[in-house]
Each structure stands twice: as structure tokens, then as C-alpha cells.
Amino acid sequence: MKIHYLIATALLVLIPAASLAQLKPEQTLNRRAISELRFSPDGSRVTFTVNEPPKGASRSRHIWILEVGTREVRQFTNSATEFVVYPREGHGFREEKHQLDVLNRIIGWFDRHLRK
């Protein structure tokens, strides 16, 4: 029950009221999708990812935080951040191909944002 309440709250915050009308199939492609709900150990916060509508070949994802007590929702990552999940990995990267991918992503980020 608690999770349904939090999902509904997050949806109401992220989707303007005017857009709650019936959707046509082609309009569903332009909607945000919420996934990967995680509760903090003490239950005071919920994190979730929001998949933005596709722009060209890419689709950005952002991490959001919901403060349960105050119902305040804020975006934790910005457009310069990528959220990547590797299969079979937790907080660290053990598989060599994942380690290489992380390093290549870091180098790519520096190339895009620091080189002029």
C-alpha cells in the first residue's frame, strides 16, 4: 500500500494536471516513465529514476528523491549526468568489461565538458 501511495504522489508531482486527459498511442512516447523505486533504510526517503521522452537516438534518465515526511520531490542528477546500471553489479564494478565502460564514459564526459 505504501509503495502505491508513493508512486501516485510522484506521478502527480511530475505530470501536470492538464496532461491527465486520455492519451493517444503516439502521445505515450512523449511521457516520462518512473522506475527503480528504492527506499532508504529508515523509510524517510524514496529514490526513483525518471526516463525522459526520447530526443533523437538518446533518452536521458535522472534520479529523483522524494522526502516522505515533507513530500518534497527534487531532481538529484542533471542533464550532464548519466545513470548506468550494469547487470550483476552492485555499488562497485567487478567485471572488466564494466570497468572499461565506466572509464570510457568518464573520459568521454571530460572530453565533452572540459575541452574547448
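Bear in mind the structure is a predicted one, so any value in this text is a computation, not a measurement.

Draft legend 1. Examining the sheet that holds strand β1 (residues 33–39) more closely. Sheet architecture is open: four strands sit in the order β1-β2-β3-β4, paired in antiparallel fashion. Two strands lie at the open edges of the sheet, namely β1 and β4 (72–75), each paired on one side alone. Within this sheet the neighbouring strands show an average axis-to-axis angle of 25 degrees, counted without direction.

Draft legend 2. Quick look at the pattern of salt bridges. Applying the stated rule across the entire model yields four salt bridges. Two residues, R74 and E67, come together in a salt bridge whose shortest N-O distance is 3.7 Å. Among the salt bridges present, the one from R88 reaches E95, with a minimum N-O distance of 2.7 Å. Classification of E95 by relative accessible area gives partly exposed; the value is 24%. When salt bridges with common partners are traced through the structure, they connect R45, E67 and R74 into a single cluster.

Draft legend 3. Spatial organisation of the nonpolar core. In this structure, V46, F48, V50, W64, L66 and V73 together form the largest nonpolar core, which totals six residues. Secondary structure elements with two or more residues in this core: β2 (45–51) and β3 (61–67).

Draft legend 4. The arrangement of the environment of Q75 in detail. Inspection of the secondary structure puts Q75 in strand β4. For the pair Q75 and T47, spaced 28 residues apart in sequence, the C-alpha to C-alpha distance is 9.7 Å. Among the polar contacts made by the side chain of Q75, one reaches the side chain of H62 at a distance of 3.3 Å.

About the criteria used
- For every chain, the first residue of its written sequence is number 1, and the numbers climb from 1 along that sequence.
- Two thresholds apply to this predicted model, a pLDDT of at least 70 for residue-level local features and 80 or more for giving and counting side-chain atom pairs, whereas whole-chain, interface and lining totals are computed over all residues.
- Derived side-chain values reflect all non-hydrogen atoms in the structure, with water molecules and hydrogen atoms excluded from consideration.
- A pair of strands is considered paired only if DSSP assigns at least 2 bridges between the two.
- Each helix corresponds to a stretch of at least 4 residues labelled H or I by DSSP, and each strand to a stretch of at least 2 residues labelled E; elements are numbered beginning at the N terminus.
- Think of each axis as a best-fit line through the C-alpha atoms, taken over the contacting stretch in the case of a helix, with angles from 0 to 180 degrees between the N-to-C directions.
- A pairing counts as a salt bridge when a side-chain nitrogen of Lys or Arg comes within 4 Å of a carboxyl oxygen of Asp or Glu.
- The buried label applies to any residue whose accessible area, calculated with a 1.4 Å probe on protein chains only, is under 20% of its type's maximum; exposed applies above 50%, and partly exposed to all values in between.
- Nonpolar cores are built from buried Ala, Val, Leu, Ile, Met, Phe, Trp, Tyr and Cys residues. Side-chain atoms within 4.5 Å join them into one set.
- Distance and chemistry together define a polar contact, namely a pair of N or O atoms within 3.5 Å, with one atom able to donate a hydrogen and the other to accept it when in protein, and with adjacent residues in sequence counting only for side-chain atoms on both sides.

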